[in-house]
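Report on the structure
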Amino acid sequence: MESASETLRGTGVSPGIAIGRALVLESSSISLFRLDLDPDGAEREVTRFQRAIKRAWRQLRDLRDRVRREAGEAYARVFEAQILILRDRHLHRETASLIRRERVNAEWAFHTVVGRYTRVFAHLGDPDLRERGTDIEDVAVRVLAALTGSVRRHDLSELTDDVIVVSSELSPSDAAGLNRDHVIGLAIDGGGPTSHTAIIASALDIPAVTGLRDASSRVRPGEMVILDGASGTLLRGPGEEEIASWRARRNRQAQRELDLMLLREQPAVTLEGVRIRLLANIELPDEVATARRYGAEGVGLYRSEFLYLRQAPRLPDEEDHYGAYRALAEGALPHAVVIRTLDLGGEKRFAALPERRETNPVLGLRAIRLCLRHEEVFRAQLRGIFRAGAHGKVRMMLPMVSGLTELRRAKAVIGAVRDELARERVPFDPDVPLGIMIEVPSAALVAEHLADEVDFFSIGTNDLIQYVLAIDRGNEDVSYLYQPLHPAILALVRRVTEAAARRGLPVAVCGEMAARPRSAMMLIGLGVTELSMSPSAIPEIKQMIRGLTMREARELAEEALALDSAEAIEELVSRRLAVPAVGSGGRREAEG
Ligand code: PEP
Ligand code: MG
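Quick caveat: nothing in here was measured; it's all calculated off a predicted structure. (Residues numbered from 1 in each chain as written. Chains lettered and ligands numbered in written order. Predicted model: local features only at pLDDT ≥ 70, side-chain atom pairs only at ≥ 80, totals over all residues. Heavy atoms only, no water.)

**With respect to the overall build of the chain**
Here is the rule we go by: Where helices and strands are cited, they refer to DSSP runs of H or I of at least four residues and of E of at least two residues respectively, numbered from the N terminus. Think of it in three bands: residues with accessible area under 20% of the maximum for their type are buried, residues over 50% are exposed, and the middle band is partly exposed, with areas taken using a 1.4 Å probe on protein chains only. Residues are treated as being in contact if the distance between any of their heavy atoms lies within 4.5 Å.
Secondary structure assignment for the chain yields 23 helices and 16 strands. Expressed as a percentage of its 592 residues, the buried residues of the chain come to 57%. Look at the contacts in the chain between residues 6 or more apart in sequence, and 68% of them connect residues 24 or more apart.

**Digging into the pairing of strand β3 (residues 17-24)**
This is how it is decided: Strands are treated as partners if at least two bridges between them are detected by DSSP.
Of all 8 residues in β3, 7 are buried, a share of seventy percent or more. Here β3 runs beside strand β7 (residues 224-228); their pairing, made up of 5 bridges, is antiparallel. Paired with Arg21 across the two strands is Met224, which belongs to β7. Here 3 bridges tie β3 to strand β4 (residues 163-167), and the two strands are oriented parallel to one another. In the sheet register, Ala22 faces β4, and the bridge partner there is Ile164.

**Concerning the nonpolar core**
Filter applied, for reference: Within this scheme, the nonpolar core is defined by two criteria: the residues are buried Ala, Val, Leu, Ile, Met, Phe, Trp, Tyr or Cys, and they are joined through side-chain atoms within 4.5 Å.
One finds Leu186, Leu398, Phe457, Met522 and Leu531 to be the most contacted residues of the largest nonpolar core, which totals 118 residues. Looking at which element gives the most residues to this core, the answer is helix α19 (residues 487-503), with 7 residues. If near-sequence neighbours (up to four positions away) are discounted, Leu186 is found in contact with Ile164, Val165, Leu170, Leu178, Ala201, Ile206, Pro207, Ala208, Val209 and Leu227.

**Focus: the sheet that holds β3**
The pairing of strands in a sheet happens through backbone hydrogen bonds and is either parallel or antiparallel. Inclusion rule: To obtain each axis, a line is fitted to C-alpha atoms, and for helices this fit is confined to the stretch in contact; angles are then taken between N-to-C directions over 0 to 180 degrees.
The 8 strands are arranged β1-β8-β7-β3-β4-β5-β6-β2 in an open sheet whose pairing can be described as mixed. Edge positions in the sheet fall to β1 (6-9) and β2 (11-14), since each of these pairs with one other strand and no more. When the angles between neighbouring strand axes are averaged without regard to direction, this sheet yields 30°.

**Some thoughts on the packing of α19 against helix α22 (residues 550-561)**
For any two helices packed against each other, one specifies the crossing angle of their axes together with the interaxial distance. For clarity, the cut-off: In these notes the angle categories are as follows: under 35 degrees is roughly parallel, over 145 is roughly antiparallel, 65 to 115 is roughly perpendicular, and the rest is oblique. By definition, any crossing whose near helix is turned counterclockwise from its far helix by less than a right angle is left-handed, and any crossing with a clockwise turn is right-handed. Note on residue categories: nonpolar means Ala, Val, Leu, Ile, Met, Phe, Trp, Tyr, Cys or Pro, charged means Asp, Glu, Lys or Arg, and polar means any other residue, Gly included.
Running from amino to carboxyl end, α19 crosses α22 at an angle of 125°, the nearest separation of the two axes being 10 Å. With respect to α22, the element α19 is oriented oblique. For the pair α19 and α22, the crossing hand works out as left-handed. Each of Leu490, Ala491 and Arg494 in α19 lies in contact with α22, whose residues at this interface are Glu558, Ala560 and Leu561. Across the contact of α19 with α22, the residue classes break down as 4 nonpolar, no polar and 2 charged.

**Thoughts on the coordination of the magnesium ion (ligand 2)**
The condition that has to hold: Metal donors: N, O and S atoms at distances within 2.8 Å, or within 3.2 Å for Na, K and Ca, with water omitted from the atom set so that some sites may seem incomplete.
Distances from the magnesium ion (ligand 2) to its protein donors, Glu439 (OE) and Asp463 (OD), fall within 2.0 to 2.1 Å. On the criterion of sequence distance, the pair formed by Glu439 in the loop between β13 (434-438) and α16 (441-445) and Asp463 in helix α18 (residues 461-469) is long-range, its members being 24 residues apart.

**Describing the site of ligand 1**
To keep it simple, the criterion reads: Proximity criterion: a residue is near a molecule or strand once any of its heavy atoms comes within 4 Å of it. In the analysis that follows, any N or O atom pair within 3.5 Å is treated as a polar contact, provided that within protein one partner can donate a hydrogen and the other can accept it, and provided that, for residues neighboring in sequence, both atoms belong to side chains. All accessible-area figures derive from a Shrake-Rupley calculation using a 1.4 Å probe, and residue coverage is judged against the displayed protein chains alone.
Around ligand 1, a shell composed of 16 residues is seen, among which Arg303, Arg340, Gly460, Asn462 and Arg473 lie nearest. Contact distances for ligand 1 include 3.1 Å between an oxygen atom and a backbone N or O atom of Thr461. In the complex, 100% of the free accessible area of ligand 1, which totals 280 Å², lies under the protein chains. Those elements that place two or more of their residues in the shell around ligand 1 are α7 (196-203), β10 (299-303) and α18. With 3 residues, the top contributor of residues to the shell around ligand 1 is α18. Among the residues making up the shell around ligand 1, the classes are represented as 4 nonpolar, 5 polar and 7 charged.

**Concerning the packing of aromatic side chains**
Put simply, the test is: Ring pairs are drawn from Phe, Tyr and Trp, using the six-membered ring of Trp, whenever the two centres fall within 6.5 Å, and their geometry is named by plane angle: stacked under 30 degrees, edge-to-face over 60, tilted for the rest.
All chains considered together, the criterion is met by 3 aromatic pairs. For the pair Tyr302 and Tyr325, a centre-to-centre distance of 6.1 Å together with 75° between the ring planes defines the contact as edge-to-face. In this pair, Tyr302 is assigned in strand β10 and Tyr325 in helix α12 (residues 318-332), connecting sequence segments 23 residues apart. When sorted by exposure, Tyr302 lands in the same class as Tyr325, which is buried. Here Phe386 and Phe428 contribute two aromatic rings whose centre-to-centre distance is 5.8 Å and whose plane-to-plane angle is 90°, an arrangement assigned as edge-to-face. Placement of the pair is Phe386 in helix α14 (residues 375-388) and Phe428 in the loop between α15 (404-424) and β13, with a sequence separation of 42 residues.

**Remarks on the pattern of salt bridges**
Just so we agree on the cut-off: Salt bridges are counted wherever a side-chain nitrogen of Lys or Arg sits within 4 Å of a carboxyl oxygen of Asp or Glu.
Applying the stated criterion across every chain, the model contains 39 salt bridges. One salt bridge in this structure joins Arg264 and Glu265, with 3.3 Å as the shortest N-O distance. Judged by its relative accessible area of 35%, Arg264 is partly exposed. For Glu265, a relative accessible area of 63% translates into the label exposed. Residue Arg366 pairs with Asp343 through a salt bridge whose shortest N-O separation is 3.1 Å. With Arg366 in the loop between β11 (336-340) and α13 (367-373) and Asp343 in the loop between β11 and α13, the pair connects residues that are 23 residues apart, well separated along the chain. Each of the two residues, Arg366 as well as Asp343, counts as buried. In this structure, a network of salt bridges that share partners links the residues Glu318, Glu319, Glu375, Arg379, Arg383, Arg387, Glu420 and Glu424.

**Comments concerning helix α9 (residues 240-261)**
Heads up, the rule is: To estimate how far a helix should reach, multiply one less than its number of residues by 1.5 Å. This arc is built from the directions going out from the helix axis to the C-beta atoms.
Taking 1.5 Å as the rise per residue, α9 with 22 residues should run 32 Å; its terminal C-alpha atoms sit 32 Å apart, in good agreement. Of all the positions in α9, only Ile243, Trp246, Gln253 and Leu260 are classed as buried. Each buried residue of α9 sits inside an arc of 95° when the element is viewed along its axis, so together they form one side. Residues of α9 that are exposed and point over 90 degrees away from its buried face: Glu240, Glu241, Arg252 and Leu258. Elements that come into contact with the buried residues of α9 comprise β3, β7, β8 (233-236) and α21 (538-546).

**Things to note about a positive patch on the surface**
Here is the rule we go by: Exposure above 30% relative accessible area and the lack of any salt bridge qualify a residue for a patch; like charges then connect within 9 Å, and the nonpolar side chains Val, Leu, Ile, Met, Phe, Trp and Tyr within 5 Å. Counted charges follow a simple rule, with Lys and Arg positive, Asp and Glu negative, and His plus the chain ends left uncounted. A single reference atom marks each charge: NZ on Lys, CZ on Arg, CG on Asp, CD on Glu.
On the surface, a cluster of positive charge is made up of Arg51, Lys54, Arg55 and Arg58. Structurally, Arg51 is set in helix α1 (residues 39-71). Take Arg51: its relative accessible area is 59%, and that puts it in the exposed class.

What follows is the structure, encoded as C-alpha cells:
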C-alpha cells in the first residue's frame, strides 16, 4: 500500500501516543459576507436565523449542564450568562427586521446588530458591563458558526468520536473545556513547553505536542495521524505498517505505565532512606483524585487562576473561593494543599480585571502585583483560603514575589485579613503557613532575606528560566534556548536551597524541572527536598529516586556547578546516568 507519510516536529509537552483521525480547527474568526436577497429569500433567512439561534441555545445548554456536572455550579454560570444573552428578544427582533428591511443574509444582519451592542459595551466604564460585551461577542461567534455550519472551538466539549485536535492555537480555557473522553491528542502550531496550554494538556493527561508551526494547514481534516507526546512528533498519512508498529509501541508504553503505577504505595526514598516528598500540581479542584491515584503526598501547587478563568466573566467571590478550597482541602486529607494566590496577567489574561494593554505583559502587572493593585479581589481570595484552613491542611503561596518590600506589603494585607476574620469570629485557621514562589531572579538572589519572613519556598523553574535566560516560555522560536540545566539556573537553585537550609525551611520545586528524571535528580543533589509535578509524572520520578543515592546526586550537582555550559552539563548527566536525552517512552527530557 502506498504511504505518503510526513513527520512534523515540535515539542512534546504531555507524553503518550495517540493514533486517530485529525480534527483540524479553523481559526476562531469566521469570514463574513453580505448577500442581497429577493423578498422570499429574506423570509427564508429569518427562518434560518431562528434555527441557528435554537441550535446555539441547545449547544450552550448542553455545555452548561456538562460543566455543572463535571466542575460544579460556579463554572456553569459563564454559560448561564451566555444563554440569557442568546435569548434576548431585542437581539432577535432587530436582526429579523434588518434582514427584511435591507434584504440581506442572516450572517450579515446579525453581525451588524451585534456590532452595535458590543461597541456600546466596549465604551462603558464599568468593567462588569464591559465584560458583558465580550460575552456577547462569544455568543455571536457561536450563532455565526451555527449559521455557516462550521466547527467552533467550544464544540470541542460536544464531540462524539475520538479525534486528535490540530489547531493553530488553543487558549488555556479552550484546553480546559475539552471533552477528555474524545480528544485523544493535541497538536498545536504555536506555544512552548511550559505555556499554560501545555500545562493544562498535561493536567488532563492528553498527549500533546506544541510548536508544530504549520501543522494546522498541512494536515487535512479527517486524515489519519499519529501523535507522540514524548518525542514531540506528528506523523501524517501513515501506512498500515506504520500504524501497526505505533500501536505496538503504545501498548508497550501502557504496560510500562501500569508497572509504574504499582509503585504507588511505595515511599519515595533514596537508597540510603532519605525521603523526598512528591506532590501534585493541579489546576482544577477535581484533580485531587487523580493526584491521589498517582501516589501524590498532597498538592504542592494549586494554580487558583483557573478558578477565575472558568468562572469568567464574573469574578469569584469569597464564597466561591471558600467552597473550592474547602473541597480541595478535604479531598486531600490527610495531606496538605498549597493554594497559590492569583497568578493572572502575562499570557493568562482576564477581562474582569481590565488594565491597559501592556507591551510586555509577562513583565507587567501580573500575579502578586495585580493582587496588590486590586486589593479587594486579593482579600476575597485570602479570606477563602483562611476559612478553608478550618477544614484541612491548607497553605498559601504567593507567586512572582520580587523582593522583601513587595513581600511585606502582601503580608500586611494577609495580616489585616486575619485580624478581620478573628474580629468577625468566623471559623478559620489563623496559622495557615505562608510560602512564596521563587521564580523572579531577584527573589532567588535575595532568598536569604526572604527566608526570614516565610514558612517555605517553592521554586517555579518555568518562570525562573524564562526570566533568567530572557526567553518567552510560550515562543517556539526561542524554545531551543530553554535550558533547565543551564549553569545560571543551577547556581540560583543552589543559592535558594542554601538560604532555606540556614533557616530550616523546606524547599520545593514546582516547575517542569521537577517532572523530568534527569533534572529532578539534579535538583535533589542541589538540596531540594520536595518535588511537585503533574500527577502522571510522579511514578517515574519515584522510580528514579528509589534507585538513587544522595551521595551520587550531590556529586552530580557539585560537578555540574563547576561546568560552564548547559551542553556540558547535559553531557555530564548523560554520561553519569546513562539515561537517554529523550525519555524512552517516558516524559520528554530537558532540551539543549
Ligand atoms: C513556574 O513558573 O514554574 C510555575 C510552577 O508556575 P506557572 O507555570 O503557573 O507560572
Ligand atoms: Mg510561574
